[in-house]
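# Structural description and commentary
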Amino acid sequence: SQWGEENLQALSIQEGEDVTMNCSYKTYTTVVQWYRQKSGKGPAQLILIRSNEREKRSGRLRATLDTSSQSSSLSITGTLATDTAVYFCATESQGGRALIFGTGTTVSVSP
Amino acid sequence: GGIITQTPKFLIGQEGQKLTLKCQQNFNHDTMYWYRQDSGKGLRLIYYSITENDLQKGDLSEGYDASREKKSSFSLTVTSAQKNEMAVFLCASSIGKNSDYTFGSGTRLLVI
């Protein structure tokens, strides 16, 4: 799981498997965003979940948010080799004007 | 669709050198950001700007200057490059608070 400056976590799975990654955050936030970063590219947003939502789905992605435990998860169902990337969660900072990013979870999907 | 462009893609500098990284976006986004990405440490905020000529410091601003002379561009200066420093600098833009960010592909810095 991700938390501030904690070490990067790595997961290796086979294509077709499901994967879930977790994120814990330290300060109050009204939104959690999940980003994916492929090798040599900048991060790209996957999903945004607000504090009044417990779950949000988008295609094969499912994000959850538990504000009481200050944690969020991102699940990918039926992974593809193209899902290989580093996944970051991001929460509010600077009065909501900037995002704090977690340390990231590296997901490697083998064909 | 818009695009956010960072130049240069690769930057090799010498210790003590002042180095400038540039970022351009054509989304007409108000807010722009500079993050530093070191291996295993995620992204750390250096500077951001909510509008032209505005500058706000992030947690990692020491050793850096920034400039937002136009809405479409945001530059970052490493005031004195540190030897053996290696990182990726990512520029991003957004409409504003709680909206999604669009990132550039990064500038990879190596200081020798």
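Structural data are supplied above this passage.
Residues numbered from 1 in each chain as written. Chains lettered and ligands numbered in written order. Predicted model: local features only at pLDDT ≥ 70, side-chain atom pairs only at ≥ 80, totals over all residues. Heavy atoms only, no water.

### What about the interface of chain B and chain A?
Across the boundary between the two partners, chain B contributes 23 residues, which contact 25 residues of chain A. In total, chain B and chain A occlude about 1,900 Å² of area from one another, counting both sides; carbon and sulfur atoms represent 49% of this. Linking chain B to chain A there are 7 residue pairs in polar contact (both at pLDDT 80 or more). At the level of secondary structure, the elements contributing two or more residues to the side of chain B that touches chain A comprise β4 (31-37) and β5 (43-49) of chain B. Examining the composition of the side of chain B that touches chain A, we find that 4 residues originate from one element, β5 of chain B, more than from any other. A breakdown of the residues in the side of chain B that touches chain A according to their chemical character gives 9 nonpolar, 8 polar and 6 charged. (Contact = heavy atoms within 4.5 Å. Buried area = accessible area lost by both parts, 1.4 Å probe. Polar contact = N/O pair within 3.5 Å; in protein donor to acceptor, adjacent residues only side chain to side chain. Helix = DSSP H or I, 4+ residues; strand = E, 2+ residues; numbered from the N terminus. Nonpolar A, V, L, I, M, F, W, Y, C, P; charged D, E, K, R; others polar.)

### Digging into the nonpolar core
Judged by nonpolar contacts, the single largest core of 21 residues is most densely connected at Trp-34, Ile-46, Tyr-47, Tyr-64, Leu-76 and Phe-89 of chain B. Counting only elements with at least two residues in this core, the list comes to β3 (19-25), β4, β5, β7 (64-70), β8 (73-78), β9 (86-94) and β11 (107-111) of chain B. Not counting chain neighbours up to four residues away, the residues in contact with Ile-46 of chain B comprise Trp-34, Tyr-35, Arg-36, Lys-57, Gly-58, Leu-60, Ser-61, Tyr-64, Leu-76 and Phe-89 of chain B. In this structure, Val-19, Leu-46, Ile-47 and Leu-61 of chain A belong to the second largest nonpolar core, which totals 20 residues. (Core = buried A, V, L, I, M, F, W, Y, C linked by side-chain atoms within 4.5 Å. Buried < 20%, exposed > 50% of the residue type's maximum accessible area, 1.4 Å probe, protein only.)

### Looking at the pattern of salt bridges
Close approach of charged atoms allows side chains of opposite charge to pair. Residues and elements named next belong to chain B. One pass over the full model with this rule turns up 8 salt bridges over all chains. The salt bridge involving Asp-30 is made with Lys-71; its shortest N-O contact spans 3.1 Å. Taken together, the residues span a long stretch of sequence, with Asp-30 in the loop between β3 and β4 and Lys-71 in the loop between β7 and β8 at a distance of 41 residues. Residue Asp-30 is classed as partly exposed on the basis of its relative accessible area, which comes to 33%. On the basis of relative accessible area, Lys-71 is assigned to the partly exposed category, the value being 27%. Via salt bridges that share partners, Arg-36, Asp-38, Arg-44 and Glu-85 belong to a single interconnected network. (Salt bridge = Lys/Arg side-chain N within 4 Å of Asp/Glu carboxyl O.)

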